[in-house]
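In case you want the letters, here they are:
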Amino acid sequence: MQRTIFTTPLVSPFFRVLSLACLKLAGWEVHGQLPEHARKSVLIAAPHTSNWDLPMTIMVAFALRLRPRWMGKASIFRAPFGGIMRWLGGMAVDRSKVNNLVESSAQAIRDAADPLQLIVPPEGTRSKTRHWKTGFYHIARSAEVPIVMAFMDYSTKRSGLGPLFEPTGDVAADLAAIKAFYKPFKGKNADQFESEAD
């Protein structure tokens, strides 16, 4: 798998120190630790309401010593920034094409020789929406890995890893339980995030 900022020798330790310093100066606290059996997992990225979520996520990932890959819309991977976005851990998602994104993502997790945490924003957009896409859920089910409920709360300046969630197969009930966990958290643009069960 392509080397990223999180796996590049010498560069990765430097950015971890820088990330820790930036988070501390900004007054953010990072909580949680990834359990050993979740080194391969799907991380929910919520609430997702701002472009600032990406640099914040990268810094928090460094603080937690994660090796994440994240999904982003294909347009941000166009030249001249595509290479940089991939080095930052990005994987392009073309929403205009019908493809088996769930299975290909699950296969990438299964085939990874090293730890891999796939970050997926369930809203699929920074715009206000009450409807969560279920791709993250089906990727985890197909790859047979846990879902990690990662969070970023701009109102309290707290971010980190919440509990693991093992999908049961009852999508409606599982989504309701997951959304209930996220209800207290506020994104940078809080009015654009809805976590109520549909």
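Preceding this section is the structure that the text describes.
Residues numbered from 1 in each chain as written. Predicted model: local features only at pLDDT ≥ 70, side-chain atom pairs only at ≥ 80, totals over all residues. Heavy atoms only, no water.

*Asks:* Explain the overall build of the protein chain here, please?
*Replies:* From N to C terminus, the protein chain includes six helices and seven strands. Per-residue burial for the protein chain yields a buried fraction of 43% across its 198 residues. Partitioning the intrachain contacts of the protein chain with sequence separation of at least 6 by distance along the chain shows that 72% fall at a separation of at least 24. For the protein chain, the computed accessible surface area is about 10,300 Å², with 57% contributed by carbon and sulfur atoms. (Helix = DSSP H or I, 4+ residues; strand = E, 2+ residues; numbered from the N terminus. Buried < 20%, exposed > 50% of the residue type's maximum accessible area, 1.4 Å probe, protein only. Contact = heavy atoms within 4.5 Å. Areas by Shrake-Rupley, 256 points an atom, 1.4 Å probe, with all protein chains shown as cover.)

*Asks:* Please explain the pairing of strand β5 (residues 116–120) as it appears in this structure.
*Replies:* Here is the key point about a regular strand: its side chains alternate between the two faces of the sheet. Within β5, five of the five residues are buried, which leaves the element mostly enclosed by the surrounding structure. Here β5 shows no split at all, with L116, L118 and V120 on one side and Q117 and I119 on the other all buried. In terms of strand pairing, strand β2 (residues 40–46) meets β5 through five bridges, oriented parallel. Residue pairing across strands places S41 opposite Q117, the latter belonging to β5. Strand direction decides the pairing type here: strand β3 (residues 68–73) and β5, joined by three bridges, are parallel. Note on β5: the bridge partner recorded for R69 is L118. (Pairing = 2+ DSSP bridges.)

*Asks:* Teacher, can you tell me more about unusual backbone geometry here?
*Replies:* Note: most peptide bonds trans; most residues except glycine with negative phi. In the segment running from A46 into P47, the intervening peptide bond is cis, with an omega of -5 degrees. Residue A79 is joined to P80 through a cis peptide bond whose omega torsion reads 5 degrees. As for its placement among the helices and strands, P80 is situated in the loop between β3 and α3 (82–87). The phi dihedral of R65 falls on the positive side, at around 60 degrees, and the residue is not glycine.

*Asks:* It is not clear to me how the environment of K73 should be interpreted in this structure. Could you clarify?
*Replies:* Considering the arrangement of structural elements, one finds K73 in strand β3. Residue classification places K73 among the partly exposed residues on the basis of a relative accessible area of 34%. For K73 and M91, which are 18 residues apart along the polypeptide, the C-alpha to C-alpha distance reads 8.4 Å.

*Asks:* Just to check I follow, could you spell out the packing of helix α1 (residues 11–25) against helix α2 (residues 53–63) for this structure?
*Replies:* Each pair of packed helices can be summarised by the angle the axes make with each other and by the distance between the axes. The interhelical angle for the contact between α1 and α2, taken along N-to-C directions, is 110 degrees, at an axis separation of 8 Å. One element, α1, and the other, α2, form an angle in the roughly perpendicular class. Handedness of the α1/α2 crossing: left-handed. Residue-level inspection shows S12, F15, R16, S19, L20, C22 and L23 of α1 in contact with α2, the latter providing M56, M59, V60, F62 and A63. Of the residues that constitute the contact of α1 with α2, the class distribution is nine nonpolar, two polar and one charged. (Axes fitted to C-alpha atoms, helices over the stretch in contact; angles between N-to-C directions. Parallel < 35°, antiparallel > 145°, perpendicular 65-115°, else oblique. Left-handed = near helix turned anticlockwise from the far one by under 90°. Nonpolar A, V, L, I, M, F, W, Y, C, P; charged D, E, K, R; others polar.)

*Asks:* Sorry, what's going on with α1 here?
*Replies:* Residue pairs three or four apart in sequence face the same way in an α-helix, which turns once every 3.6 residues. Look at α1: 21 Å from first C-alpha to last across 15 residues, which is about the 21 Å you get at 1.5 Å a residue. Taken residue by residue, α1 has S12, S19 and L23 as its buried positions. Buried residues of α1, viewed axially, fall in a sector of 25 degrees; they line one side. Residues of α1 that are exposed and point over 90 degrees away from its buried face: F14, V17, K24 and L25. In this structure, the buried side of α1 is in contact with β1 (29–31) and α2. (Expected span 1.5 Å × (residues − 1). Arc of directions from axis to C-beta.)

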